[in-house]
Structures are given as structure tokens and as C-alpha cells.
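# Structure at a glance
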Amino acid sequence: MFEQRLPAADFELAYERLAAALDSVGPGRESEFLARLALLLMQAAPEISAVLAAIDAAEAALD
Amino acid sequence: MTRPAANPRSLYFDYPCFDFVRPPELDGEVVTHEVVVVGAGPVGVTAALELARHGVRVVVLDDKASFNDGSRAICIARHSLEGLQQLDVAERFMAAGLPWTHGTSYFRGQPVFRLEMPHSVEQRFPPMLNLQQQFIEQFLIERAQREALIEFRWQSRVEGVTPGAQQVTLDVATPEGAYHLKAAYVLAADGARSAVRQALGLKLHGAAHEGRYVIVDVKMASDHPTERRAFFDCAGNPGATVLVHRQPQDIWRIDYQLDEHDDESEALAEGTIHSKVAAIIAMLGETAPWELEWWSIYKAYTLCLDDYRHGRVLFCGDAAHLVPIFGVRGLNSGFADALNIGWKLACVLRGEASDALLDSYSPERRGATLDIFAQASKSTRFMSPPTRGYRLLRDAALALSPAHEFARRLLDPRQSQPYTYAGSALSCDDDPSFTAGPVVGAPLPDGHCGEQGYLLEHLGRGFTVLYFSADGRAPEALHAACAAMTVADVPARLLVIAMRGAMDAQTLRDVDGHLFAAHGAVDGSCYLVRPDRHVCARWRQWRADALSHAYVRAMARAEDV
């Protein structure tokens with residue numbers, strides 16, 4: 001469970017922006033784009049525990 | 001549409017056939033009617049009922065001889081029921097409909113989100129009520145047929161509209177010939193393909209969204225509770241979305257998304273639909289026999305007129321705006337249109353307000369439409385992702401939602417909510433000393449008043465002044481002010497919310513103070529509520545001059561606005 005940090009409206013804005021970016025980069029480069037985005041967001045994360053928890057949660061959601 | 005529209009048949013509903021009655025205009029009589037409503041669908045008849053409630057005589061035209069066929073709009077929101085109770089039809093809706101408060105979303109077979117809509121003892125009506133549109137139309141029309149002020153003219157098709165400075169002339173075609181029908185005002189409630197709109201050369205503007213849905217009604221016995229079920233990428237429709245709703249009379253609504261490459265005519269073939277529905281019913285785990293009842297196809301649009309008023313012609317419902325079904329806003333916003341314009345037209349026709357009052361209709365109701373567009377566009381992109389990027393993010397949110405609240409919020413279908421007329425020219429500035437209660441422009445929420453029932457059933461036919469009093473007494477000047485604030489000759493109703501003192505028809509007892517608290521009120525607080533139950537002014541401490549000023553403003557009287 002992640003603490004809600006972004007206000008809902010900001011989160012929805014980011015969601016829309018990310019969807020558009022994914023479409024812009026195209027299917028062939030989605031993984032590359034998402035990996036770079038993840039690194040940048042890791043750097044913006046407040047602490048290592050949040051990053052590790054996010055990695056665990058994303059892995060768990062693939063099951 | 002595949003089931004015959006001209007002669008609807010149904011497994012559970014007997015469509016009436018309304019005879020054509022020769023109108024006096026066909027024999028040369030020339031009458032200018034106060035209001036002609038074009039379209040006897042639920043929005044048009046609601047508008048007619050609201051006009052009649054305010055003493056306005058109405059002619060309702062419809063080109064059909066019966067109701068619209070099929071279940072169509074099935075979800076009635078609480079705020080609509082709260083408005084419809086003023087028309088004396090809500091009880092019948094409640095008796096026949098299926099209330100619901102929650103829903104479940106599934107992703108690849110697993111439940112991932114539980115929708116819970118707020119509901120408490122303070123509310124008379126449930127957050128949602130499922131009822132087929134045939135019943136909605138039947139109940140409204142049967143209610144309207146008891147109104148001496150409402151005249152239905154069936155099998156009467158509008159073929160031309162001539163606007164004028166003092167009246168509008170409609171060219172009406174009937175089985176016995178054509179005639180001209182004159183009216184001071186015309187309300188166009190004739191649906192998505194509005195003949196009035198086309199006759200005036202007006203266009204809807206906006207966007208079309210990705211995704212087409214086949215909408216199917218099935219008759220099937222099942223004891224599954226009434227809830228909204230949404231299935232994403234499910235066994236019954238791999239890679240696409242399915243929505244399931246229960247309706248009265250053992251009817252189940254199944255909406256399933258088509259693949260972008262599916263041919264529409266093939267998709268609407270009965271055999272194709274039967275196969276598809278069979279797979280979905282198997283996925284639901286239902287084993288009872290079932291039959292197809294009705295089907296149609298749907299595509300999401302966010303389209304509206306640039307202005308809902310064109311001189312003496314006013315547009316409401318689908319004639320004015322088309323909104324996506326996700327969030328059940330179409331008919332519910334149409335009801336709000338009808339209730340908004342009804343009292344305004346009555347005031348103008350009675351000379352209590354100038355024509356300027358009608359200018360508030362489009363900003364208020366088109367504002368509501370644009371708000372719906374913002375919400376519904378997000379819902380639609382979630383239900384039917386338009387691109388691969390949206391699809392990737394939607395599926396990620398679905399996968400994360402069981403464990404993460406932030407993702408669950410994206411699954412919320414953003415069900416229909418009443419709109420706040422913020423910034424309306426009819427509203428006063430809000431009193432900043434309030435810290436709770438409905439803001440100016442918002443609809444007055446309901447509240448339980450013990451043995452006296454619910455707050456909203458006590459509202460007046462015109463304006464209502466809610467006065468909060470510790471001992472149940474109200475200033476004499478308030479009584480005098482209410483008498484002067486009329487709508488169609490009916491003075492404002494003074495409703496005293498009292499902590500103590502006697503209960504009577506004008507005084508609601510608030511023993512535990514919950515109504516005071518819900519309105520952020522203290523002894524002496526006051527709300528001015530419009531006939532469509534939207535708050536147009538409020539004061540922590542009422543002042544006679546401020547109340548009169550607020551009424552003048554709410555009537556768009558020239559000296560003040």
C-alpha cells in the first residue's frame with residue numbers, strides 16, 4: 001500500500017500525459033521508455049524503501 | 001436497432017398505441033399555445049409536468065404512436081429521484097425499480113474493485129435505481145395524462161420551425177394532414193436526431209470516442225443481487241469490456257464492447273448476438289434458460305449545442321447534448337434540464353420575470369454538460385482505451401488495484417452527480433462564514449426529519465426559504481418577504497428548522513441538531529432555494545434586504561443583474 005502523495009487531479013493529469021507519451025514512443029520502444037522513466041522517478045523518490053516497495057508491488061501485480 | 005421500432009414487441013412489456021386525435025388547428029382554428037414540447041420521451045414529459053406544476057398549459061408533440069422501444073436508459077440517480085418526487089412520480093419509480101448501492105469490477109476473472117456509493121438514513125432515495133425506460137415513460141406519461149394542463153398529440157411530426165419575435169411556428173405533419181402550430185416557446189426534447197435542431201440548421205459540436213458496444217437485454221431468472229458489474233478482459237469477451245446490470249422483471253442488461261474490426265451489421269445479427277451473450281452468461285455462472293429481449297448498438301460521443309437557447313426555442317436532453325453512457329449521465333442530465341427550464345418559463349410567461357431569466361438556462365445546463373464531458377471522457381477512456389498507451393496504463397491500474405488505493409480510484413465509474421451552478425448569474429456570492437452545508441449553486445441535499453419524513457418533500461412549489469431557529473420562531477419580516485417572492489403566483493414557502501418548539505406543517509423539528517450541522521447553520525441562518533431545489537443564496541444570519549435582493553437576482557430582474 002502506497003501513501004497517496006499526488007492530489008487526485010494531478011495523478012489523473014500524469015496518467016493522461018503518460019498514456020500520450022507511450023503512444024508517442026510506439027510499441028517498439030515502450031520498454032526502453034518505461035525503464036528510463038522508472039530510473040528518473042526512482043531518483044525523485046523520497047527514500048529507498050519507497051522504490052523497493054514499488055518494485056515489489058509491480059512484480060506482484062504481474063502474477 | 002433490429003427489433004422493430006414501428007411496432008415494438010417485448011417479452012415482458014405491452015406497448016400501448018396512442019391514437020391520433022384531430023387537433024383544432026387542422027380545422028382552421030388559430031391558437032398560440034404557451035409552450036409546445038417536442039418529444040414525449042422522459043425529458044419532454046418531465047418538462048411538461050414541471051411546467052404544469054407551475055400552472056403552464058403545454059402541448060406535447062411526438063411523431064410516434066407509443067413509447068420509445070427498448071430499455072435504453074435504465075439507471076436513475078438519486079438526484080433525479082429527488083427532483084421527480086416534486087412531480088409526484090418518484091414513488092411509482094421506487095415501487096417498480098431496483099435500488100442499488102454498489103458494484104464490482106473484475107479484471108481477467110478476478111475481482112479488483114468494489115464500488116460503494118454513499119447512502120445513509122438521511123436520504124430517502126437510493127444512490128441509483130434501475131428501471132427500464134419503457135416504465136419510466138409509462139409512469140411519466142400516465143402521470144401527465146392526469147394533468148388537465150397537458151395535451152398529448154401523438155403521430156405528429158415536426159417538419160419545419162419558423163422562429164419569430166413573439167412566437168414560434170411549427171409545421172406539423174399528421175395522418176390527417178399538415179398544420180401550423182404556434183407557441184410562445186418551444187422546448188425541443190426530441191432526442192439525438194432532433195427534428196427541431198435540424199430544422200433550425202443547428203449542429204452538435206464535440207468528439208466521438210473509441211469503442212462500440214452492443215447493448216442487449218436478456219430475460220433470465222437469477223438471484224444475483226442488483227449491482228453494477230464491470231468485466232475487463234474477461235472470458236466472455238476476451239480483450240474487451242462487459243457491463244452487466246439487473247433490471248426489473250427478470251431482465252438483464254449486458255453491454256459488450258466490440259472489437260475495432262468487427263463489422264457492425266454482422267455484430268447485430270441475432271445469431272451473432274446469441275453466441276456472444278451465451279459466452280457471457282456462461283462466464284457469469286448462470287445456468288437458467290434465457291431469451292433475447294432487445295438489442296442495440298452504442299458509440300460514445302461528447303457532443304452538444306453551442307447554445308441551448310435559440311430565441312424562443314430551448315433545447316433539452318439528447319436534443320441538446322449527447323454524453324457517454326458510462327456514469328449514467330444521459331437521462332439524468334436530461335431530467336435536470338427539464339427541471340431547470342420549467343420554473344423559468346413559468347415565471348416569464350406569468351410576467352414575474354423578463355425573458356432574461358431564460359438566458360440563464362444555457363450557461364447553467366451547458367456548464368453541467370461540459371462538466372459531464374470532462375468526467376465521462378475519462379470514464380470512456382478507461383472503459384474503452386482509445387490507444388495502446390491508454391490500454392497499457394488501464395490494465396496496469398486494474399492489476400494494481402486489489403492492493404493499492406490510488407489505482408482503485410481510477411476504476412471509479414464516476415457515477416452521475418448533481419451539478420453545482422457555480423458562478424450562475426442567478427446566484428449571490430456565497431457567505432464565507434459558512435464552514436459546512438450546500439454551497440450557493442448546489443442542490444439542497446435531503447435530510448431525515450424523524451416522523452416528519454424528509455426535508456425535500458417539504459419544499460415549496462416556488463422558492464423555499466429555509467430558516468434555522470433555536471426556538472421555532474421566525475421573524476415577522478421573513479413571512480412578509482416570502483409572500484412577495486412568487487413563482488407563477490405561488491409565494492415562497494417558509495420552512496423553519498427548529499431545535500425546539502412545536503412541530504407543524506411549516507416547522508421541522510431538528511431535535512439532535514443534525515440538520516443544523518448539515519447546513520452549517522446557527523440560530524438565524526437562512527437558505528434561499530430555487531424551485532429546482534438549487535441554493536441561490538445563504539446567510540449565517542439572515543437580513544431582510546439581502547433576501548429580497550437574492551430573489552430579485554434569482555429572477556434575473558433587470559434592475560439587479
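## Let's talk about the overall build of chain B
Looking only at helices and strands, chain B features 14 helices and 26 strands. The C-alpha extent of chain B, read off along each of the three principal axes, is 70 × 65 × 40 Å. In chain B, which comprises 561 residues, the share counted as buried stands at 60%. Counting only contacts in chain B whose residues sit at least 6 apart along the sequence, the fraction spanning at least 24 positions is 72%. Just so you have it, chain B exposes about 21,000 Å², and 50% of that area is on carbon and sulfur atoms.

## A look at the packing of helix 1 (residues 42–53) of chain B against helix 8 (residues 330–349) of chain B
Residues and elements named next belong to chain B. Running from N to C, helix 1 and helix 8 point in directions that differ by 30 degrees, and their axes come no closer than 8 Å. Taken together, the axis directions place helix 1 and helix 8 in an arrangement best described as roughly parallel. Here helix 1 runs over helix 8; the crossing is right-handed. Judged by residue contacts, Pro42, Val43, Thr46, Ala47, Glu50 and Leu51 of helix 1 engage Leu331, Gly334, Phe335, Ala338, Leu339, Gly342, Trp343, Leu345 and Ala346 from helix 8. Of the residues contributing to the contact of helix 1 with helix 8, the split by class is 11 nonpolar, 3 polar and 1 charged.

## Topic: the domain arrangement of chain B
Residue and element names in this part refer to chain B. For chain B, the assigned domains are domain 1 (24–96 + 129–206 + 302–373) and domain 2 (450–554). Of the residues lining the interface, 17 residues belong to domain 1; the matching set on domain 2 comes to 15 residues. Roughly 1,300 Å² of surface becomes buried between domain 1 and domain 2 when both sides are summed, with 46% attributable to carbon and sulfur atoms. The partner of Arg533 in a salt bridge is Glu82, and the shortest N-O contact between them spans 3.0 Å. Put simply, domain 1 and domain 2 have 8 residue pairs in polar contact (both at pLDDT 80 or more) between them. Those elements that provide at least two residues to the side of domain 1 that touches domain 2 are helix 2 (78–84) and helix 8. For the side of domain 1 that touches domain 2, the element with the most residues is helix 8, which contributes 6 residues. For the side of domain 1 that touches domain 2, the class distribution of residues is 5 nonpolar, 6 polar and 6 charged.

## Comments concerning the side chain of His534 of chain B
Along the chain, His534 of chain B falls in the loop between strand 25 (526–529) and strand 26 (535–539). Dropping the residues within four chain positions of it, His534 of chain B is found in contact with Tyr419, Tyr421, Gly441, Ala442, Pro443, Leu528 and Val529 of chain B.

## Some remarks on the sheet that holds strand 25 of chain B
Residues and elements named next belong to chain B. Ordered by their spatial adjacency, 5 strands build an open sheet running 24-23-20-25-26, and the pairing between neighbours is mixed. Strand pairing shows two members of the sheet lacking a second neighbour, strand 24 (507–509) and strand 26, which therefore form its edges. Direction aside, neighbouring strands of the sheet carry axes that sit 20 degrees apart on average. Two strands pair when backbone bridges link them, and strand 20 (residues 464–469) and strand 23 (residues 493–498) are joined in this way by 6 bridges, in the parallel orientation. Residue pairing across strands places Ser469 opposite Ala498, the latter belonging to strand 23. Against the sheet, helix 14 (residues 544–554) makes contact with strand 20, strand 25 and strand 26, and its axis sits at roughly 165 degrees relative to strand 26, the strand it touches most.

## Some details on the side chain of Ser401 of chain B
Residues and elements named next belong to chain B. Topologically, Ser401 is positioned in the loop between helix 10 (388–400) and helix 11 (405–411). Side-chain polar atoms of Ser401 contact the backbone oxygen of Leu398, separated by 2.8 Å. Once residues within four sequence positions are removed from consideration, Ser401 is found in contact with Val112, Ala407, Arg408 and Leu411.

## Examining unusual backbone geometry
Residue and element names in this part refer to chain B. The phi torsion at Arg108 lies on the positive side, around 50 degrees, for a residue other than glycine. Considering the arrangement of structural elements, one finds Arg108 in the loop between strand 5 (102–107) and strand 6 (110–116). Within the chain, Gln155 stands out as a residue other than glycine whose phi angle is a positive 55 degrees. Tracing the backbone shows Gln155 in the loop between strand 8 (150–153) and strand 9 (157–163).

## A few points about the pairing of strand 23 of chain B
All names here are of chain B. In terms of residue burial, strand 23 counts as a mostly covered element, since 5 of its 6 residues are buried. Looking at chain direction, strand 23 and strand 24 are connected through 3 bridges and run parallel. Paired with Ala498 across the bridge in strand 24 is Arg509.

## Description of the packing of aromatic side chains
Inspection of every chain in the model, using the stated rule, returns 21 aromatic pairs over all chains. Ring centres of Phe11 of chain A and Phe406 of chain B lie 5.4 Å apart, and the angle between their planes is 70 degrees; on these two criteria the pair is classed as edge-to-face. Here Phe11 of chain A, found in helix 1 (residues 8–25), pairs with Phe406 of chain B, found in helix 11, and the two come from separate chains. The class of Phe11 of chain A is buried, set by a relative accessible area of 18%. What links up through ring pairs into an aromatic cluster is the set Tyr12, Phe13, Tyr15, Phe18, Phe67, Phe93, Phe135, Phe139, Phe152 and Trp154 of chain B. Arg312 of chain B extends its terminal NZ or CZ atom over the ring of Tyr185 of chain B, reaching a point 4.8 Å from the ring centre. Positioned above the aromatic ring of Phe434 of chain B is the side chain of Arg538 of chain B, whose terminal nitrogen or guanidinium carbon lies 4.1 Å from the ring centre.

## Quick notes on the pattern of salt bridges
Residues and elements named next belong to chain B. According to the stated counting rule, one finds 38 salt bridges over all chains in the structure shown. Notably, a salt bridge pairs Arg108 with Asp395, separated by 3.7 Å at the nearest N-O pair. Residue Arg108 is found in the loop between strand 5 and strand 6, and its partner Asp395 is found in helix 10; the two are separated by 287 residues along the sequence. Between Glu116 and Arg114 there is a salt bridge; the shortest N-O distance is 3.4 Å. In this structure, a network of salt bridges that share partners links the residues Arg108, Asp233, Arg391, Arg394 and Asp395.

## Let's talk about helix 14 of chain B
Residues and elements named next belong to chain B. Burial in helix 14 covers these residues: Ala546, Leu547, Ala550, Tyr551, Val552 and Ala554. Residues of helix 14 that are buried sit in contact with helix 8, strand 20, helix 12 (476–484), strand 21 (486–487), strand 25 and strand 26. Just downstream of helix 14 lies Ala556, where phi reads positive at about 55 degrees.

## Overview of the packing of helix 1 of chain B against helix 4 (residues 133–144) of chain B
Residues and elements named next belong to chain B. In contact at an axis separation of 9 Å, helix 1 and helix 4 are set at 25 degrees when each is read in the N-to-C sense. Classed by the angle they form, the pair helix 1 and helix 4 counts as roughly parallel. The crossing of helix 1 and helix 4 is left-handed. Here Pro42, Val45, Thr46 and Leu49 of helix 1 lie close against helix 4, whose contacting residues are Gln133, Ile136, Glu137, Leu140, Ile141, Arg143 and Ala144. Grouping the constituent residues of the contact of helix 1 with helix 4 by class yields 7 nonpolar, 2 polar and 2 charged.

Basis of the calculations
- Residues numbered from 1 in each chain as written.
- Chains lettered and ligands numbered in written order.
- Predicted model: local features only at pLDDT ≥ 70, side-chain atom pairs only at ≥ 80, totals over all residues.
- Heavy atoms only, no water.
- Helix = DSSP H or I, 4+ residues; strand = E, 2+ residues; numbered from the N terminus.
- Buried < 20%, exposed > 50% of the residue type's maximum accessible area, 1.4 Å probe, protein only.
- Contact = heavy atoms within 4.5 Å.
- Areas by Shrake-Rupley, 256 points an atom, 1.4 Å probe, with all protein chains shown as cover.
- Axes fitted to C-alpha atoms, helices over the stretch in contact; angles between N-to-C directions.
- Parallel < 35°, antiparallel > 145°, perpendicular 65-115°, else oblique.
- Left-handed = near helix turned anticlockwise from the far one by under 90°.
- Nonpolar A, V, L, I, M, F, W, Y, C, P; charged D, E, K, R; others polar.
- Domains from an automatic or database assignment.
- Buried area = accessible area lost by both parts, 1.4 Å probe.
- Salt bridge = Lys/Arg side-chain N within 4 Å of Asp/Glu carboxyl O.
- Polar contact = N/O pair within 3.5 Å; in protein donor to acceptor, adjacent residues only side chain to side chain.
- Pairing = 2+ DSSP bridges.
- Phe/Tyr/Trp six-rings, centres within 6.5 Å; stacked < 30°, edge-to-face > 60°.
- Lys NZ or Arg CZ within 6 Å of the ring centre and 35° of its normal.

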